[in-house]
Amino acid sequence: MTIFAVEYVYGPEAEDARTEHRPKHREWLAAQAEAEVVLASGPYADGAGALLIFNAEDEAALHEILKQDPMSAGGGVTGLKVSEWKPVTGQLSKYLP
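Quantities reported herein were computed from a predicted structural model and do not represent experimental measurements.

Trainee: Residues and numbers for the nonpolar core, please.
Mentor: One recurring pattern in soluble globular proteins: nonpolar side chains tend to sit buried together. Grouped together as the largest cluster of nonpolar side chains are 17 residues, with contacts concentrated most on Val6, Tyr8, Leu52, Phe54, Leu62, Ile65 and Leu66. Only β1 (2–9), α1 (15–34), β3 (49–56) and α2 (59–66) provide two or more residues apiece to this core. Here this core takes 4 residues from β3, the largest share from any one element. With near-sequence residues (within four places) excluded, leucine 66 lies in contact with Val6, Tyr8, Phe54, Ser72, Leu80 and Val82.

Trainee: Can you tell me about α2, naming the residues and giving the values?
Mentor: The complete set of buried residues in α2 reads Leu62, Ile65 and Leu66. Viewed end-on, α2 has its buried residues packed into an arc of 95°, placing them on one side of the element. Those residues of α2 hidden inside the fold are in contact with β1, α1, β3, α3 (70–73) and β4 (79–85). The N-cap residue of α2 is aspartate 58: its side-chain oxygen and the backbone nitrogen of alanine 60 are 3.2 Å apart.

Trainee: Kindly report on the packing of aromatic side chains, identifying the contributing residues and their values.
Mentor: Taken as a whole and judged by the stated rule, the model has 1 aromatic pair. Their ring planes at 45° and their centres at 6.5 Å tell us that tryptophan 28 and phenylalanine 54 sit as a pair that is tilted. On the criterion of sequence distance, the pair formed by tryptophan 28 in helix α1 and phenylalanine 54 in strand β3 is long-range, its members being 26 residues apart. As far as the burial class goes, tryptophan 28 and phenylalanine 54 line up, both buried.

Trainee: Outline the pairing of β3, supporting the account with residue identities and numerical values.
Mentor: Most of β3 is tucked away, with 7 of its 8 residues classed as buried. As paired strands, β1 and β3 are joined by 8 bridges and run antiparallel to one another. Each residue of the ladder has a partner; that of valine 9, found in β3, is glycine 49. The sheet contact formed by strand β2 (residues 38–43) and β3 spans 5 bridges and is antiparallel. The residue of β3 that forms the bridge with alanine 40 is isoleucine 53. From the end of β2 to the start of β3, which pair antiparallel, there are 5 residues, and glycine 47 there has a positive phi angle of about 80°.

Trainee: Give a description of the sheet that holds β1 that names residues and reports values.
Mentor: Reading across from one edge, β2-β3-β1-β4 is the order of the 4 strands in this open sheet, with antiparallel pairing throughout. Each edge of the open sheet is held by one strand with a lone partner, namely β2 and β4. Ignoring which end each strand starts from, the neighbouring axes of this sheet average 15° apart. Strands in contact with α1 are β1, β2 and β3; relative to β2, the strand with the most contacts, it is inclined by about 155°. The strands touched by α2 within the sheet are β1, β3 and β4, with β4 carrying the most contacts at an inclination of about 140°.

Each value, and the rule that gives it
Numbering of residues begins from 1 in every chain and follows the order in which that chain's sequence is written. Thresholds applied to this predicted model are a pLDDT of at least 70 for local features of residues and 80 or more for the giving and counting of side-chain atom pairs; totals over whole chains, interfaces and linings are not thresholded and use all residues. Only heavy atoms go into the side-chain values, all of them from the structure, while hydrogens and water stay out. In these notes, a set of buried Ala, Val, Leu, Ile, Met, Phe, Trp, Tyr and Cys residues joined through side-chain atoms within 4.5 Å is what counts as a nonpolar core. Burial classification: accessible surface area is computed with a 1.4 Å probe over protein chains only, and a residue below 20% of its type maximum counts as buried, one above 50% as exposed, and the rest as partly exposed. Each helix is a run of DSSP H or I of at least 4 residues and each strand a run of E of at least 2, with the numbering of both proceeding from the N terminus. The contact criterion used throughout is that any non-hydrogen atoms of two residues lie within 4.5 Å. Arc definition: directions from the helix axis to the C-beta atoms. Polar contact is the term for a pair of N or O atoms within 3.5 Å; when the atoms are in protein, one must be able to donate a hydrogen and the other to accept it, and sequence-neighboring residues count only if both atoms are side-chain atoms. Stacked, tilted and edge-to-face are the three classes assigned to paired rings of Phe, Tyr and Trp, where Trp is represented by its six-membered ring and a pair needs centres within 6.5 Å; plane angles under 30 degrees give stacked, over 60 edge-to-face, the rest tilted. For two strands to count as paired, DSSP must find a minimum of two bridges between them. Only the stretch in contact is used when a helix axis is fitted, and all axes are lines through C-alpha atoms; the angle between N-to-C directions ranges over 0 to 180 degrees.

What follows is the structure in structure tokens.
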């Protein structure tokens, strides 16, 4: 498995979509966290986006997972950055092989 840092960008033009899809997005995240697919997530304090840490087989699998997110599918995410990440210390480092 590979750890990915995913940054969602929230543009002002999609605020209504975010408000509409936030409850289902958080339910989806909770289910993914229970399955240890999402290791951590949360919005930035300034409201400009969110950081999500995923555990996925590879980047292609990650993108398939992201397509299922109601926030992304519903148009609430206006930008996306995906980076493979290797946490070498701390609680998330236990997910590395």
